[in-house]
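Report on the structure
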Amino acid sequence: MLRPRSIAVVGGGAWCASVIRQAELMGFDGAIWPVHPQKMHVAGHGAFPTVEDLPAPPDACFVGVNRQTTVEVVAALARMGAGGAVCFASGFAEAHREDAASGDLQAGLVVAAGDMPILGPNCYGFINALDAALLWPDQHGCTPVDRGVAILTQSSNIAINLTMQDRGLPIAYVVTCGNMAQTSQAQIALALLDDTRVTAIGVHIEGFGDIAAWEALAAKAHACGVPVVALKVGASDQARVATLSHTASLAGSDAGAQALLDRLGFARVGGLTDFLETLKLLHCTGPLNGNRLASISCSGGEASLVADMALSRSLEFPVLSPQQQKALRATLGPMVALNNPLDYHTYIWRDIDAMTRAWSAMTGPDIDLTMSIVDYPRTDPSDWACTVDAALAVRAHTGRPFAIVASLPELMPQDTAATLIAGGVVPLCGLNEALAAAEAAAQIGVPRSDAVWPAPSIDGAELLTEGAAKAALATYGVDTPRNITTTLADVDAAVATFQGPLAVKGVGLAHKTDAGAVRLNVTPQDAASVAREIGTDTVLIEEMITGPVAELLLGVTRDPAHGFVLTIGAGGIWTEVMRDTASLLLPATEAEVSRALSGLRIAPVLGGYRGQPAASEAAIVSAVMALQTYVSAHRAGISEIEINPLLCTSTRAVAVDALLHMKKGT
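Report follows, based on the coordinates. (Residues numbered from 1 in each chain as written. Predicted model: local features only at pLDDT ≥ 70, side-chain atom pairs only at ≥ 80, totals over all residues. Heavy atoms only, no water.)

1. Re the pairing of strand S24 (residues 538–543)
Applied cut-off: When DSSP finds two or more bridges between two strands, those strands count as paired. Here a strand is any run of E in DSSP of at least two residues, a helix any run of H or I of at least four, and the numbering for each starts at the N terminus.
Where strand S21 (residues 483–487) lies against S24, five bridges are found, and the strand directions are antiparallel. Looking at S24, one finds that Asn483 is bridged to Glu542. As judged from the five bridges shared by strand S22 (residues 502–506) and S24, these two strands associate in the antiparallel manner. Residue pairing in the sheet places Lys505 in a bridge with Leu540 of S24.

Structure (structure tokens):
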């Protein structure tokens, strides 16, 4: 379907005529067959009354008729063995609020298609710039290429805008999928991986749907050496109604999406320009090995600017090595201060050999991307040609990833960008976009081979008491303090065997601290009077844990869109203040948990800050894995779990408060 030698266009309106014109403008040299019951010709081509009258089953068909007729045409195409169809009409599932029958109509469309792939409904179709083959009813900015990136999106309007870029990005495929009634983005991307001319894939994602399909895509993309970058928008409904725990509010609706992208090994960006620049970088160099950059410019202002702009990103500018300094000094002389970022002044401007030597010295095995900041004037850029020659020579000489970065996107001429790309140099448009692309290209990772645990929606979850929650978790290895739940009348008898100090907590409250229902450092003699002051019918009494280094939060939320989301973060009174968390999808490995801990802002405290004792990382990781074991055994009924705080000492990680929201009977 995506590499057709024959296309049919069903319908005779302006959109269908435009499909034919766009195919001709692109240089499509296969058969073009219009279909219309009354018209003899459409856009200069002889028309056939019905699809059954076509001389052969078309490889691809644009169905540009009303929604009811679309279903009939798709059924006819499927019966005759057509390669696939683009369903242009709207008014299907996306219109369910206005038309209750639209969902049934979309279901009927899927049945009609059977095994024949369809794009849409409510989509523009696809552009294959490698083979000059397309079904596209509007303008576009694609030109024929020999190799390039593939872009997939549900939004036809965004697709048009992306094709109009003039940033030098070679686009091989653009595919819109609309409602994805039958064929998902992940399935389309899987098919595009079979084309070895595709260098990278960019996916604008509104929702994941079948996670197993994305896992299959990640595995195949990694095996093919094709990196994937995602522009993920939207949010699941999972966290909007979850109010019981801090975990749900901290994880938010996007934590599961980010955790899934991390697990898949995909890069993620936040905007369209970053999306395009990252794809360009991946097209030219592939994923970066790390986040270590070198920057060179002939302006101290630019050197300072790039250093400041990188502060908010996970990027580093390593100190120049002795070998780099020696090579730079030999070329630049004594007047240039050697730093990274480097202002090399203009002493060697126009001396291509000297520029090549200096720029080459800024590359190396410890530098993942070297950027030379150059803005080409719109008036007369001829005096800047030396930068192009030097960049191409550096790339050829060193083989290291090298980029020319225009600090202003409009100051990168398209012909210059094309020349640079042909020589393996990345022309990046915009300083902020360049840094975003470098950060994203360093995120490409190896996908997990095991599947995410699915977490479909459940109803009827109930909140367990703290004592019951701790008892349940302790059975699976979570370390908990010695405790007892008792009525007010039985407090004295209950604490007879306890050693102080004690914690006394009201039972039946989700946020006990906020309600003033937690009292600490209570002696056994005072336990009864403190319990009466709290005011609940029953209280939980437990021995306090001494010598804590830090307090953590561990939580698991059920996210139907992505799976079970594990949140690890600063706990206790710092939970909402610091909002210092990391999220993983279950199942997680011990190594992933350790990496998540090391990435927290509270990590220095856990490691023993300024001579203070360090928390036991082994005990913390053990607590997380025990929590995961509990989730594994109760996946059918868990709504959410929170341990907050997990008191971390030099030898233990103890759950001193726990919340468990479970479906009754599970």
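2. Some remarks on the packing of aromatic side chains
Which entries qualify depends on this criterion: Any pair of Phe, Tyr and Trp rings, taking the six-membered ring for Trp, is counted once the centres come within 6.5 Å. Such a pair is stacked with planes under 30 degrees apart, edge-to-face with planes over 60 apart, and tilted for the rest. When a residue's accessible area, from a 1.4 Å probe over protein chains only, is under 20% of the maximum for its type it is buried; when over 50% it is exposed; and in between it is partly exposed.
According to the stated counting rule, one finds 10 aromatic pairs in the structure shown. Plain terms: the ring middles of Phe208 and Trp214 are 5.5 Å apart, the flat faces sit at 85° to each other, and that makes the pair edge-to-face. Take Trp214: its relative accessible area is 2%, and that puts it in the buried class. Relative to Tyr630, the ring of Tyr476 lies with its centre 5.2 Å away and its plane at 85°, an arrangement referred to as edge-to-face. Here the residue Tyr476 occupies a position in the loop between helix H16 (466–474) and S21, and Tyr630 occupies one in helix H22 (residues 617–633), the gap between them amounting to 154 residues.

3. Here's the deal with the sheet that holds strand S5 (residues 60–63)
Just so we agree on the cut-off: Residues are treated as being in contact if the distance between any of their heavy atoms lies within 4.5 Å. Axis geometry follows a simple rule: fit a line to the C-alpha atoms, using only the stretch in contact for helices, then measure angles between N-to-C directions, giving values from 0 to 180 degrees.
The parallel open sheet is built from five strands, whose spatial order is S2-S1-S5-S6-S7. Pairing within the sheet leaves two strands with one partner each, and these edge strands are strand S2 (31–35) and strand S7 (118–119). Pairing of strand S1 (residues 6–10) with S5, which is carried by four bridges, proceeds in the parallel orientation. Counterpart to Val9 in the pairing with S5 is Phe62. Sheet strands touched by helix H1 (residues 14–26): S1, S2 and S5. Its angle to S1, the strand with the most contacts, is close to 155°. Against the sheet, helix H2 (residues 67–80) makes contact with S1, S5, strand S6 (85–87) and S7, and its axis sits at roughly 165° relative to S5, the strand it touches most.

4. Comments concerning the environment of Val306
Summarising the element assignment, Val306 is placed in helix H10 (residues 300–309). Among the residues examined, Val306 registers a relative accessible area of 0% and is labelled buried. It is 9.3 Å that separates the C-alpha atoms of Val306 and Ile373, two residues lying 67 residues apart in sequence. Those residues in contact with Val306 that lie beyond four places of it in its chain are Ser295, Phe317, Pro341, Met371, Ile373, Leu431 and Leu435.

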